[in-house]
Amino acid sequence: MSADPRLIIALDLPGRADAEAMVETLGDAVGFYKIGLQMLAVGGMEMAKDLKARGRQVFLDWKLHDIGATVEKATAAIVGSGACDILTVHAQPQVLAAAVKGRGSDKQAKIVGVTVLTSLNGQDLAQIGYGMGVEQLVERRIRQVIDAGADGVVASPHEAALARRIGGPDFLVITPGVRPAWAGKDDQARAATPLEALQSGASHLVVGRPVTAAADPRDAARRIADEMSGSLQPA
Ligand code: C5P
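As the structure is a prediction and not an experimental result, all values here were calculated from the model. (Residues numbered from 1 in each chain as written. Predicted model: local features only at pLDDT ≥ 70, side-chain atom pairs only at ≥ 80, totals over all residues. Heavy atoms only, no water.)

Section: the packing of aromatic side chains
Following the criterion strictly, the structure yields zero aromatic pairs and no others. The aromatic ring of Trp182 is capped on one face by Arg223, whose charged end is 4.3 Å from the ring centroid. (Phe/Tyr/Trp six-rings, centres within 6.5 Å; stacked < 30°, edge-to-face > 60°. Lys NZ or Arg CZ within 6 Å of the ring centre and 35° of its normal.)

Structure, rendered in C-alpha coordinates:
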(Lines give C-alpha, C1' and ligand atoms only; values in the text may rest on other atoms or scores of the structure.)
Protein backbone atom coordinates (compact mmCIF):
# COMPACT_ATOMS: atom_id res chain seq x y z
CA MET A 1 0.00 0.00 0.00
CA SER A 2 1.10 3.61 -0.41
CA ALA A 3 0.71 5.87 2.60
CA ASP A 4 -1.52 8.94 2.54
CA PRO A 5 0.98 11.86 2.29
CA ARG A 6 -1.41 14.05 4.32
CA LEU A 7 -1.16 11.85 7.41
CA ILE A 8 1.70 12.77 9.77
CA ILE A 9 2.32 10.51 12.76
CA ALA A 10 3.76 12.20 15.87
CA LEU A 11 6.65 10.14 17.21
CA ASP A 12 6.18 11.30 20.82
CA LEU A 13 8.04 8.38 22.34
CA PRO A 14 10.56 8.19 25.17
CA GLY A 15 13.61 7.16 23.17
CA ARG A 16 15.05 6.43 19.80
CA ALA A 17 14.65 2.66 20.13
CA ASP A 18 10.92 3.08 20.80
CA ALA A 19 10.60 5.43 17.84
CA GLU A 20 12.48 3.07 15.53
CA ALA A 21 10.34 0.14 16.63
CA MET A 22 7.20 2.19 15.92
CA VAL A 23 8.44 3.14 12.43
CA GLU A 24 9.20 -0.53 11.78
CA THR A 25 5.72 -1.56 12.96
CA LEU A 26 4.00 1.07 10.82
CA GLY A 27 6.00 0.08 7.74
CA ASP A 28 4.57 1.38 4.48
CA ALA A 29 1.32 2.47 6.15
CA VAL A 30 2.94 5.79 7.11
CA GLY A 31 5.13 8.05 5.00
CA PHE A 32 5.37 11.20 7.13
CA TYR A 33 6.57 11.60 10.74
CA LYS A 34 6.65 14.46 13.21
CA ILE A 35 9.63 14.65 15.54
CA GLY A 36 9.05 17.04 18.42
CA LEU A 37 10.93 18.40 21.40
CA GLN A 38 10.62 15.20 23.43
CA MET A 39 12.89 13.42 20.95
CA LEU A 40 15.29 16.31 20.43
CA ALA A 41 17.53 15.22 23.31
CA VAL A 42 17.41 11.54 22.48
CA GLY A 43 18.69 11.51 18.92
CA GLY A 44 15.84 13.33 17.16
CA MET A 45 18.01 14.68 14.32
CA GLU A 46 19.68 11.31 13.70
CA MET A 47 16.24 9.74 13.66
CA ALA A 48 15.13 12.36 11.13
CA LYS A 49 18.10 11.54 8.89
CA ASP A 50 17.35 7.81 9.13
CA LEU A 51 13.73 8.42 8.19
CA LYS A 52 14.76 10.47 5.17
CA ALA A 53 17.17 7.71 4.12
CA ARG A 54 14.20 5.33 4.23
CA GLY A 55 12.20 7.60 1.94
CA ARG A 56 9.94 9.08 4.61
CA GLN A 57 9.06 12.76 5.01
CA VAL A 58 9.95 14.55 8.23
CA PHE A 59 8.20 17.34 10.11
CA LEU A 60 10.55 18.86 12.71
CA ASP A 61 8.35 20.52 15.32
CA TRP A 62 11.10 22.56 17.01
CA LYS A 63 8.98 25.75 17.36
CA LEU A 64 11.99 28.08 17.00
CA HIS A 65 11.76 31.45 18.73
CA ASP A 66 14.90 33.59 19.17
CA ILE A 67 16.60 36.68 17.79
CA GLY A 68 16.59 36.87 14.01
CA ALA A 69 20.28 36.03 13.49
CA THR A 70 19.98 32.86 15.57
CA VAL A 71 16.76 31.70 13.94
CA GLU A 72 18.27 32.32 10.51
CA LYS A 73 21.42 30.29 11.22
CA ALA A 74 19.51 27.54 13.01
CA THR A 75 17.08 27.23 10.11
CA ALA A 76 19.94 27.12 7.61
CA ALA A 77 21.61 24.35 9.61
CA ILE A 78 18.40 22.33 10.00
CA VAL A 79 17.44 22.65 6.33
CA GLY A 80 21.07 22.00 5.33
CA SER A 81 20.97 18.68 7.15
CA GLY A 82 18.64 17.45 4.44
CA ALA A 83 16.44 15.88 7.09
CA CYS A 84 13.58 18.37 7.20
CA ASP A 85 10.51 18.73 5.01
CA ILE A 86 8.60 20.98 7.42
CA LEU A 87 9.99 23.14 10.26
CA THR A 88 7.91 25.05 12.79
CA VAL A 89 8.76 28.48 14.20
CA HIS A 90 6.66 30.79 16.35
CA ALA A 91 4.60 33.02 14.09
CA GLN A 92 6.12 36.40 14.90
CA PRO A 93 7.29 38.68 12.10
CA GLN A 94 11.02 38.77 13.00
CA VAL A 95 11.17 35.04 13.61
CA LEU A 96 9.29 34.20 10.41
CA ALA A 97 11.42 36.54 8.27
CA ALA A 98 14.62 35.05 9.70
CA ALA A 99 13.47 31.48 9.12
CA VAL A 100 12.47 32.24 5.53
CA LYS A 101 15.87 33.87 4.96
CA GLY A 102 17.70 30.94 6.59
CA ARG A 103 15.80 28.43 4.51
CA GLY A 104 17.23 30.13 1.41
CA SER A 105 16.20 29.60 -2.17
CA ASP A 106 15.73 25.85 -1.86
CA LYS A 107 12.06 25.80 -1.01
CA GLN A 108 11.89 22.04 -0.49
CA ALA A 109 11.74 22.59 3.27
CA LYS A 110 8.59 24.40 4.31
CA ILE A 111 8.46 26.97 7.10
CA VAL A 112 5.28 26.75 9.14
CA GLY A 113 4.20 29.17 11.86
CA VAL A 114 2.72 28.27 15.22
CA THR A 115 0.09 31.00 15.73
CA VAL A 116 -1.12 30.81 19.33
CA LEU A 117 -0.43 27.71 21.41
CA THR A 118 -3.71 25.94 22.07
CA SER A 119 -2.79 25.75 25.75
CA LEU A 120 -3.30 29.53 25.96
CA ASN A 121 -6.75 31.09 26.46
CA GLY A 122 -7.84 34.73 26.47
CA GLN A 123 -6.93 35.15 30.13
CA ASP A 124 -3.43 33.82 29.51
CA LEU A 125 -2.93 36.27 26.63
CA ALA A 126 -4.05 39.17 28.84
CA GLN A 127 -1.68 37.99 31.56
CA ILE A 128 1.24 37.86 29.09
CA GLY A 129 0.32 41.36 27.94
CA TYR A 130 -1.35 40.91 24.57
CA GLY A 131 -4.15 43.39 23.99
CA MET A 132 -6.34 41.06 21.98
CA GLY A 133 -8.20 37.77 22.21
CA VAL A 134 -7.14 34.38 20.87
CA GLU A 135 -9.05 34.52 17.59
CA GLN A 136 -7.89 38.00 16.74
CA LEU A 137 -4.26 37.09 17.46
CA VAL A 138 -4.51 33.86 15.46
CA GLU A 139 -5.85 35.79 12.47
CA ARG A 140 -3.19 38.46 12.77
CA ARG A 141 -0.46 35.83 12.88
CA ILE A 142 -1.82 33.93 9.90
CA ARG A 143 -1.51 37.18 7.94
CA GLN A 144 2.03 37.71 9.27
CA VAL A 145 2.99 34.20 8.11
CA ILE A 146 1.79 35.07 4.61
CA ASP A 147 3.49 38.49 4.64
CA ALA A 148 6.81 36.87 5.63
CA GLY A 149 6.64 34.44 2.70
CA ALA A 150 6.34 31.38 4.95
CA ASP A 151 4.34 28.39 3.82
CA GLY A 152 1.59 27.75 6.33
CA VAL A 153 0.48 27.35 9.92
CA VAL A 154 -0.17 24.76 12.55
CA ALA A 155 -3.88 25.17 13.27
CA SER A 156 -6.33 23.40 15.56
CA PRO A 157 -9.36 21.89 13.83
CA HIS A 158 -11.22 24.93 15.18
CA GLU A 159 -8.90 27.37 13.32
CA ALA A 160 -8.26 25.37 10.16
CA ALA A 161 -11.12 26.96 8.19
CA LEU A 162 -9.91 30.47 9.02
CA ALA A 163 -6.35 29.58 7.98
CA ARG A 164 -7.56 28.05 4.72
CA ARG A 165 -9.80 31.04 3.96
CA ILE A 166 -7.02 33.58 4.54
CA GLY A 167 -4.16 31.50 3.16
CA GLY A 168 -5.76 30.25 -0.04
CA PRO A 169 -5.52 26.84 -1.70
CA ASP A 170 -1.74 26.26 -1.51
CA PHE A 171 -1.29 27.31 2.12
CA LEU A 172 -0.20 24.50 4.44
CA VAL A 173 -2.69 23.98 7.27
CA ILE A 174 -1.29 21.35 9.59
CA THR A 175 -3.85 20.18 12.12
CA PRO A 176 -3.26 18.27 15.36
CA GLY A 177 -6.07 17.42 17.77
CA VAL A 178 -7.41 14.77 15.41
CA ARG A 179 -9.38 11.88 16.86
CA PRO A 180 -11.17 9.19 14.89
CA ALA A 181 -14.59 8.38 16.35
CA TRP A 182 -13.23 5.03 17.62
CA ALA A 183 -10.31 6.56 19.58
CA GLY A 184 -10.27 8.17 23.03
CA LYS A 185 -9.85 11.94 23.23
CA ASP A 186 -6.81 11.83 25.61
CA ASP A 187 -6.18 15.47 26.61
CA GLN A 188 -7.42 16.97 23.30
CA ALA A 189 -10.32 19.15 24.43
CA ARG A 190 -11.60 20.17 21.00
CA ALA A 191 -10.83 17.25 18.77
CA ALA A 192 -12.14 16.67 15.26
CA THR A 193 -12.32 13.47 13.25
CA PRO A 194 -9.91 13.09 10.32
CA LEU A 195 -12.66 13.82 7.79
CA GLU A 196 -13.92 16.84 9.73
CA ALA A 197 -10.41 18.28 9.93
CA LEU A 198 -9.86 17.83 6.19
CA GLN A 199 -13.25 19.31 5.42
CA SER A 200 -12.39 22.32 7.59
CA GLY A 201 -9.38 23.02 5.39
CA ALA A 202 -6.48 21.01 6.85
CA SER A 203 -3.83 20.04 4.30
CA HIS A 204 -2.14 17.63 6.74
CA LEU A 205 -3.25 15.88 9.93
CA VAL A 206 -0.95 15.24 12.89
CA VAL A 207 -1.97 12.15 14.84
CA GLY A 208 -0.07 10.73 17.79
CA ARG A 209 -1.55 8.52 20.46
CA PRO A 210 -4.54 7.14 18.50
CA VAL A 211 -1.86 5.38 16.41
CA THR A 212 1.22 5.07 18.60
CA ALA A 213 -0.71 3.89 21.69
CA ALA A 214 -3.07 1.60 19.74
CA ALA A 215 -2.93 -2.17 20.27
CA ASP A 216 -2.29 -2.46 16.52
CA PRO A 217 -0.68 0.81 15.34
CA ARG A 218 -0.50 -0.23 11.71
CA ASP A 219 -4.20 -1.06 11.60
CA ALA A 220 -5.02 2.24 13.35
CA ALA A 221 -2.99 4.20 10.77
CA ARG A 222 -4.72 2.35 7.94
CA ARG A 223 -8.17 3.03 9.35
CA ILE A 224 -7.36 6.74 9.65
CA ALA A 225 -6.03 6.83 6.09
CA ASP A 226 -9.20 5.05 4.90
CA GLU A 227 -11.32 7.59 6.72
CA MET A 228 -9.29 10.41 5.14
CA SER A 229 -9.89 9.04 1.68
CA GLY A 230 -13.62 9.01 2.47
CA SER A 231 -13.93 5.26 2.08
CA LEU A 232 -14.79 4.79 5.73
CA GLN A 233 -17.26 7.23 7.23
CA PRO A 234 -16.76 8.23 10.86
CA ALA A 235 -19.37 6.73 13.20
O1 C5P B 1 -1.20 12.18 20.65
P2 C5P B 1 -1.82 13.33 19.92
O3 C5P B 1 -2.55 12.93 18.65
O4 C5P B 1 -2.67 14.19 20.82
O5 C5P B 1 -0.57 14.20 19.46
C6 C5P B 1 -0.72 15.43 18.82
C7 C5P B 1 0.61 15.99 18.51
O8 C5P B 1 0.40 17.31 18.03
C9 C5P B 1 1.53 16.15 19.72
O10 C5P B 1 2.87 15.99 19.24
C11 C5P B 1 1.28 17.55 20.20
O12 C5P B 1 2.39 18.13 20.81
C13 C5P B 1 1.00 18.27 18.90
N14 C5P B 1 0.18 19.45 19.03
C15 C5P B 1 -1.09 19.45 19.57
N16 C5P B 1 -1.80 20.62 19.65
C17 C5P B 1 -1.28 21.74 19.22
C18 C5P B 1 0.02 21.76 18.67
C19 C5P B 1 0.73 20.58 18.59
O20 C5P B 1 -1.60 18.43 19.95
N21 C5P B 1 -1.98 22.83 19.28
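Still to come is the rest of the account.
Observations concerning the sheet that holds strand 8 (residues 204–207)
In sheet architecture, strand pairing relies on hydrogen bonds along the backbone and comes in two forms, parallel and antiparallel. The parallel closed barrel is built from eight strands, whose spatial order is 1-2-3-4-5-6-7-8. Neighbour-to-neighbour, the strand axes of this sheet turn through a mean angle of 25°, independent of strand direction. As defined by bridge partners, strand 1 (residues 7–10) adjoins strand 2 (residues 32–35) across two bridges and the pair is classed as parallel. Across the sheet, the residue bridging to Ala10 is Lys34, located in strand 2. Against the sheet, helix 5 (residues 93–103) contacts strand 3 (57–64), strand 4 (86–90) and strand 5 (110–114), and its axis sits at roughly 150° relative to strand 4. (Pairing = 2+ DSSP bridges. Helix = DSSP H or I, 4+ residues; strand = E, 2+ residues; numbered from the N terminus. Axes fitted to C-alpha atoms, helices over the stretch in contact; angles between N-to-C directions. Contact = heavy atoms within 4.5 Å.)

Focus: the site of the ligand
The immediate surroundings of the ligand are formed by Ala10, Asp12, Lys34, Thr118, Pro176, Arg179, Gln188, Val206, Val207, Gly208, Arg209 and Pro210. Between the ligand and Asp12, the relevant distance is 2.7 Å, taken from an oxygen atom to a side-chain nitrogen or oxygen of the residue. In this structure, Gly208 approaches the ligand through a main-chain N or O atom, which is 2.7 Å from an oxygen atom. Contact with the protein chains hides 80% of the accessible area of the ligand, taken as 460 Å² for the molecule alone. Looking at side-chain class alone, the shell around the ligand contains five nonpolar, three polar and four charged residues. (Near = heavy atom within 4 Å. Polar contact = N/O pair within 3.5 Å; in protein donor to acceptor, adjacent residues only side chain to side chain. Areas by Shrake-Rupley, 256 points an atom, 1.4 Å probe, with all protein chains shown as cover. Nonpolar A, V, L, I, M, F, W, Y, C, P; charged D, E, K, R; others polar.)

Describing unusual backbone geometry
Positive phi is not limited to glycine here, since Lys63 has a value of about 45°. Among the secondary structure elements, Lys63 is positioned in strand 3. With relative accessibility at 27%, the residue Lys63 sits in the partly exposed group. Phi at Asp186 is positive, roughly 50°, even though this residue is not glycine. Classification of Asp186 as partly exposed rests on a relative accessible area of 46%. (Buried < 20%, exposed > 50% of the residue type's maximum accessible area, 1.4 Å probe, protein only.)

Considering the pairing of strand 5
Burial within strand 5 is extensive, with four of its five residues counted as buried. Looking at chain direction, strand 4 and strand 5 are connected through five bridges and run parallel. The partner of Val89 across the bridge, within strand 5, is Gly113. The β-α-β motif built from strand 4, the intervening helix 5 and the parallel element strand 5 has right-handed crossover chirality. Bridge count between strand 5 and strand 6 (residues 152–154): three bridges; the pairing is parallel. The partner of Val114 across the bridge, within strand 6, is Val154. (Right-handed = clockwise from strand over helix to strand, strands pointing away.)

What about the environment of Gly167?
In this structure, Gly167 sits in helix 8 (residues 157–167). Gly167 sits 16 residues away from Asp151 along the chain, and the two C-alpha atoms are 9.1 Å apart.

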